[in-house]
Amino acid sequence: MQTTLHIPASERGVIRVFDLQMPPEQAQFLREPGALAQVLGIAEIDLTHVEIFPVSDLEELGLPGYLTQGCGVPQAEIAPDLAALRTLSGYVLLLRSRAFGGTATRLTPADQIRLVASYGEPETQWSAPPMPAPDSSKPYSAAKPPPRATRDQARRIGASFFAVVMGLIALILYVLVF
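In this text, all values refer to a predicted model and were calculated from it rather than measured experimentally.

Focus: the pattern of salt bridges
Side chains bearing opposite charge may pair, as long as their charged atoms lie close to each other. Applying the stated criterion across every chain yields a total of 4 salt bridges. With a shortest N-O distance of 3.4 Å, D152 and R155 are connected by a salt bridge. Here the residue D152 and the residue R155 both occupy positions in helix α6 (residues 147–177), the gap between them amounting to 3 residues, near one helical turn. Relative accessible area serves as the criterion here: at 33%, D152 is assigned to the partly exposed category. Classification of R155 as exposed rests on a relative accessible area of 55%.

Quick word on the nonpolar core
Judged by nonpolar contacts, the single largest core of 21 residues is most densely connected at L20, I45 and L95. Setting aside its immediate chain neighbours within four residues, L20 contacts A27, L30, I52, Y91, V92, L93, Q112 and I113. In terms of nonpolar packing, the next biggest core, distinct from the first, is built from 19 residues, L67, V92, L94 and A117 among them.

Topic: the packing of aromatic side chains
Using the criterion set out here, one finds 2 aromatic pairs in the structure. Ring centres of Y174 and F178 lie 5.0 Å apart, and the angle between their planes is 55°; on these two criteria the pair is classed as tilted. Judged on exposure class, the residue Y174 and its partner F178 are both exposed.

A few points about the environment of F161
Note on placement: F161 falls in helix α6. Using a relative accessible area of 59% as the deciding quantity, one classes F161 as exposed. Measuring from C-alpha to C-alpha, the distance between F161 and A99 comes to 66 Å, with 62 residues separating the pair along the chain.

Scoring rules and cut-offs
- Residues numbered from 1 in each chain as written.
- Predicted model: local features only at pLDDT ≥ 70, side-chain atom pairs only at ≥ 80, totals over all residues.
- Heavy atoms only, no water.
- Salt bridge = Lys/Arg side-chain N within 4 Å of Asp/Glu carboxyl O.
- Helix = DSSP H or I, 4+ residues; strand = E, 2+ residues; numbered from the N terminus.
- Buried < 20%, exposed > 50% of the residue type's maximum accessible area, 1.4 Å probe, protein only.
- Core = buried A, V, L, I, M, F, W, Y, C linked by side-chain atoms within 4.5 Å.
- Contact = heavy atoms within 4.5 Å.
- Phe/Tyr/Trp six-rings, centres within 6.5 Å; stacked < 30°, edge-to-face > 60°.

These figures capture arrangement, not role.
What follows is the structure, given as structure tokens:
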């Protein structure tokens, strides 16, 4: 029985868990470019947002633990499917919404690929209260030196420049004379 899954173009942050009921060699072959797209009935898929692995690789963490701790899915969202997730063995496919490149897609997976569940990843909270700017970051907020100190500094710079120029002239005259 072939089911059709509709993924809207606006979908963000959804992880779909599929049970791959196929031999390990065939499941590993799905990592090859074009193979997974073919068995899902679509033209192309971004493999950087796809995970195919044996559940046994997760050891004592298990698939529910991987989804909550590794993918950030809330525990409460997984709770209704906990028994089904724990019974999975063999290879699984985790398919993120970003794998479709933001385009509307219609999946018609092969008979060996069975959808177990779909979960939403928590969105990042990007809002924060505005930070007040300290007075030191405002233009012209530094303390101004007194006029006498400014004149002294200008005189020192001018005297240094004059001494360097006069030394160069003396050196040139010395080289020309001797």
